[in-house]
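# Structural overview for review
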Amino acid sequence: MERYSSTPPDGGYGWVVVTSAFFIMGLTAAVHKNFGLFFLEIQNHYSVLTSTTSWMTSTTIAVFHLGAPLASALSMHMSQRTVIMVGGLLAASGMIIASLGLSLPWMYLSVGVLQGLGVSFSWIPANSMVSHYFKRWRPIAYSIASSGECVFAMGFSPFFQWLIDSYSWQGSLLIIGGLQLNLCVCGALMKPLQAAQTSIQGKLVLDSKDESRTSKKGTFQWDLIQRPELLLYIVFAILSAAGFFIPPLFLVPYANSLGMGQYWAASVLSVLALADLLGRLACGWLANLRLVRNLQLLTMVVTALGVVLFLLPIAQTYWTILVFCSFYGFLFGCVVAIHVTSIVDIVGMDGFDSSLGLFMLFRSSGGFVGPPAAGWLVDWTHDFGAAFYLSGVCLVLSGGFVVLVDRLVEKKKCKLPDTCTETTDHPMHKADITDV
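In the nomenclature of an unreviewed UniProt entry, the protein is known as Major facilitator superfamily (MFS) profile domain-containing protein of Phoxinus phoxinus. The record held by UniProt for the protein lists under Subcellular location (unreviewed entry) the comment "Membrane".

What follows covers the overall build of the protein. If you tally the helices and strands in the protein, you get 17 helices and 3 strands. With 436 residues in all, the protein has 58% of them scored as buried. In the protein, the proportion of contacts linking residues at least 24 apart, taken out of those at least 6 apart, comes to 86%. Carbon and sulfur atoms make up 68% of the accessible area of the protein, which amounts to about 17200 Å² in all.

Turning our eyes to something else, we now look at the side chain of T60. Along the polypeptide, T60 turns up in helix α3 (residues 50–66). A polar side-chain atom of T60 sits 3.1 Å from the main-chain carbonyl oxygen of M56.

For the rest of this paragraph, the subject is the environment of S391. Here S391 is to be found in helix α17 (residues 385–415). Residue class for S391 comes out buried when judged on its relative accessible area of 0%. Considering only alpha carbons, one finds S391 and L305, 86 residues apart in sequence, at a separation of 9.6 Å. Excluding anything up to four places from it in sequence, S391 contacts G243, I246, P247 and L309. A polar side-chain atom of S391 sits 2.7 Å from the main-chain carbonyl oxygen of G243.

This structure, assessed with the given rule, holds 23 aromatic pairs. Ring centres of F156 and F160 lie 4.8 Å apart, and the angle between their planes is 15 degrees; on these two criteria the pair is classed as stacked. Here F160 and F156 lie together in helix α7 (residues 138–180), a separation of 4 residues that amounts to about one turn. For the pair F156 and F160, a shared accessibility class is recorded, and that class is buried.

Those residues of helix α2 (residues 39–46) lying buried are F39, I42, Q43 and Y46. Down the axis of α2, the buried set is contained in an arc of 100 degrees. They therefore lie on one face. Positioned one or two residues after α2, S47 has a phi angle of 55 degrees, which is positive.

Further remarks concern a nonpolar patch on the surface. Taken together, the side chains of V307, F310, L311, I314, Y389, V393, V396 and L397 present a nonpolar region at the surface, about 670 Å² in accessible area. Looking at the nonpolar patch, the elements that each hand over two or more residues are α13 (294–311) and α17. In terms of residue count, α17 provides more of the nonpolar patch than any other element does, 4 residues in total. Its location among the elements puts F310 in helix α13. Note on F310: relative accessible area 41%, which makes it partly exposed.

Mean pLDDT over the protein: 81, with 87% of residues reaching 70 or higher. Considering each helix and strand of the protein separately, the mean pLDDT is smallest for strand β1 (residues 3–4), with a value of 35, and largest for helix α8 (residues 183–188), with 94. Taken as a whole, residues 1–5 scores under 50 in pLDDT and shows 17 contacts with residues more than four places along the chain or in a different chain.

Calculation notes
Residues numbered from 1 in each chain as written. Predicted model: local features only at pLDDT ≥ 70, side-chain atom pairs only at ≥ 80, totals over all residues. Heavy atoms only, no water. UniProt positions renumbered as here; feature names shortened; annotations may be inferred. Helix = DSSP H or I, 4+ residues; strand = E, 2+ residues; numbered from the N terminus. Buried < 20%, exposed > 50% of the residue type's maximum accessible area, 1.4 Å probe, protein only. Contact = heavy atoms within 4.5 Å. Areas by Shrake-Rupley, 256 points an atom, 1.4 Å probe, with all protein chains shown as cover. Polar contact = N/O pair within 3.5 Å; in protein donor to acceptor, adjacent residues only side chain to side chain. Phe/Tyr/Trp six-rings, centres within 6.5 Å; stacked < 30°, edge-to-face > 60°. Arc of directions from axis to C-beta. Patch = residues over 30% accessible without salt bridge, like charges linked within 9 Å, V, L, I, M, F, W, Y side chains within 5 Å. Salt bridge = Lys/Arg side-chain N within 4 Å of Asp/Glu carboxyl O. pLDDT = per-residue confidence, 0-100.

Right, dumping it as structure tokens:
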């Protein structure tokens, strides 16, 4: 009898997958996080309003999220490796076309559609691979992988500013497009896990338990949206996305409006990225200890993040902005470290891929509306602080929905006291069934 286990290895080649995901996060999310450095350059080049320029970033965010179910479905039918490599080609081509500076509609198409779809095809399968390769160590593995965004963002902030000064914003986008071709290399390293199978008298048959799981994973599970706890978690996603994508876009313009030079303003993003890195690693470690439920921890950090952003406009000097950005970065890192893996607490590992696609799909509405709404407030009030007020309110409201999700999940567990599922992460349960 020959058998290949589909149980997550919790190590081994999984660390190669984590390393590859680390670089994927850096070449996708970190690029987007520092795109605020190009905001004023592009706005001045086309002589348009702040809200008009914001639609470019909003389109990227929307397409990134809208492409998530497609990325999940393609990963199920082909492989994560193939989808990531296609995503690398799309992302790079988007930046290269944008570097031509043809017109604003072309910027919407290149940076918005092509870049957004490329990032989606790279980011979604990378997260899926890390989750499938790890079980007990999933929180810390995901934290390490996602920290690639922070590490690259720290370096990209001064690097992008130097590129703009040396080669203009158009030349900078061309170089960034070349860097993003490395996503294809990262995708090639993503070796799919073998499905569990048993060889009996020369015939290969799937184990009955694994067969049922395989049939579920083979198709996208749209019916998961009917679960009230997932539906409420999607409302959290929409509100939090509206708040997430505003600060990185307006931090540099806000610092510039206070009279800071370009490099001083860019250094704020580097400090933000360092604090973000520490937050991800710290929260991933804390989640792995399972002292509190993931959803409880998420409620605390997302609410605190909203309060910090609401108070950020108080900062009027470089050093006070650094203090607020440090708190903002740390708490943002905490939220990112657990908000995706918490989906497993809600639907289990079997429904994770489909639920992640649905989560990202509906979250797109918040990311699409948030930046333009903040840009409209800035144009109306002539104050960049209005953008941070809107971001803070959205995040505090989102925390309330996480509370409702946690109560529903715990209520379901109480109805099935003798059932051990992967959604269990309470510290009183046995270690072999705990899973984020």
